[in-house]
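The chain contents come next:
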Amino acid sequence: MVKLETLEAHDGVTKGKYTIGLGHDCMAFCTEVEDVISMSLAAVASLLEKYEIDPKQLGWLKIGSETVIDKSKSIKTFLMQNFEESGSTDIEGVYSTNACYGGTAALFNCINWVESSSWDGRYGLLVCTDNAV
């Protein structure tokens, strides 16, 4: 992980360009054996465990990214592995690939789902992931 204050000094840019301008305080990098799928799987598994969420409480899963690993299979397909053991397979949602807007679009779609007549009271889960530099 790199502190962006340090990167600002290294790059010789105006102090605050990354921290204030972009609103970030650090940047992390994945290794060559990680990708958006492995990072998403780990994040969802950690969330479910840490907050003791029963997978059957989830009714909607949306992933936003600009990175495509396998054009024949969405990231949501891989993430559904987290729900197989509980038998929770009735989870709506899709994977949205849309440059920098993928995560924002996924957030808006989650809000729209909760406000719609399709919402059945279960949680919506939004995953934003990317490894683009």
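Just so it is clear, the model here is predicted, and its values are computed rather than measured.

Calculation rules
- Residues numbered from 1 in each chain as written.
- Predicted model: local features only at pLDDT ≥ 70, side-chain atom pairs only at ≥ 80, totals over all residues.
- Heavy atoms only, no water.
- Buried < 20%, exposed > 50% of the residue type's maximum accessible area, 1.4 Å probe, protein only.
- Helix = DSSP H or I, 4+ residues; strand = E, 2+ residues; numbered from the N terminus.
- Arc of directions from axis to C-beta.
- Contact = heavy atoms within 4.5 Å.
- Salt bridge = Lys/Arg side-chain N within 4 Å of Asp/Glu carboxyl O.
- Phe/Tyr/Trp six-rings, centres within 6.5 Å; stacked < 30°, edge-to-face > 60°.
- Core = buried A, V, L, I, M, F, W, Y, C linked by side-chain atoms within 4.5 Å.
- Pairing = 2+ DSSP bridges.
- Axes fitted to C-alpha atoms, helices over the stretch in contact; angles between N-to-C directions.

Trainee: Can you tell me about helix α1 (residues 4-11), naming the residues and giving the values?
Mentor: For α1, the complete set of buried residues consists of L4, L7 and E8. End-on view of α1: buried residues confined to an arc of 105°, all on one side of the axis. Turned more than 90 degrees away from the buried face of α1, the exposed residues are E5, T6, A9 and H10. Here the buried face of α1 lies against β1 (2-3) and β2 (26-27). Positive backbone phi, at 70°, marks G12, one or two positions downstream of α1.

Trainee: Explain the pattern of salt bridges residue by residue, including any values.
Mentor: Inspection of every chain in the model, using the stated rule, returns two salt bridges. When the shortest N-O distance is used, the salt bridge between R122 and D90 registers 3.6 Å. Residue R122 is found in the loop between α5 (102-114) and β5 (123-128), and its partner D90 is found in the loop between α4 (81-84) and β4 (95-97); the two are separated by 32 residues along the sequence. Its salt-bridge partner being D120, residue R122 comes within 2.9 Å of it at the nearest N-O pair. With relative accessibility at 45%, the residue D120 sits in the partly exposed group. Taken together, the salt bridges that share partners define one network made up of D90, D120 and R122.

Trainee: So what's going on with the packing of aromatic side chains? Which residues, and what values?
Mentor: Per the counting criterion, the structure on display carries one aromatic pair. When the ring of W60 is compared with that of W113, the centres are 5.9 Å apart and the planes differ by 20°; the resulting orientation is stacked. Of this pair, W60 sits in strand β3 (residues 58-65) while W113 is found in helix α5, placing the two residues 53 residues apart along the sequence. Of the two residues examined, W60 and W113, each falls in the buried class.

Trainee: I'd like to hear about the nonpolar core, residue by residue, with values.
Mentor: Counting 17 residues, the largest nonpolar core has V44, L61, I63, I75, L79, F83 and V127 as the members making the most contacts within it. When residues of this core are assigned to their parent elements, the largest contribution, four residues, is made by helix α2 (residues 36-50). With sequence-adjacent residues up to four places away left out, I75 is seen in contact with V36, I37, S40, I63, T67, Y95 and T129.

Trainee: Give me the lowdown on the sheet that holds β4, citing residues and values where you can.
Mentor: The strand order β4-β3-β5 describes an open sheet built from three strands, whose pairing is parallel. Of all strands in the sheet, those with a lone pairing partner are β4 and β5, marking the two edges. The average undirected angle you get between the axes of adjacent strands in this sheet is 15°. Direction of pairing for β3 relative to β4: parallel, over a ladder of three bridges. By the bridge assignment, G64 is partnered in β4 with S96. Contacts between α2 and the sheet are confined to β3 and β5, with β5 contributing the most and set at about 145° to the helix. Contacts between α5 and the sheet are confined to β3, β4 and β5, with β3 contributing the most and set at about 160° to the helix.

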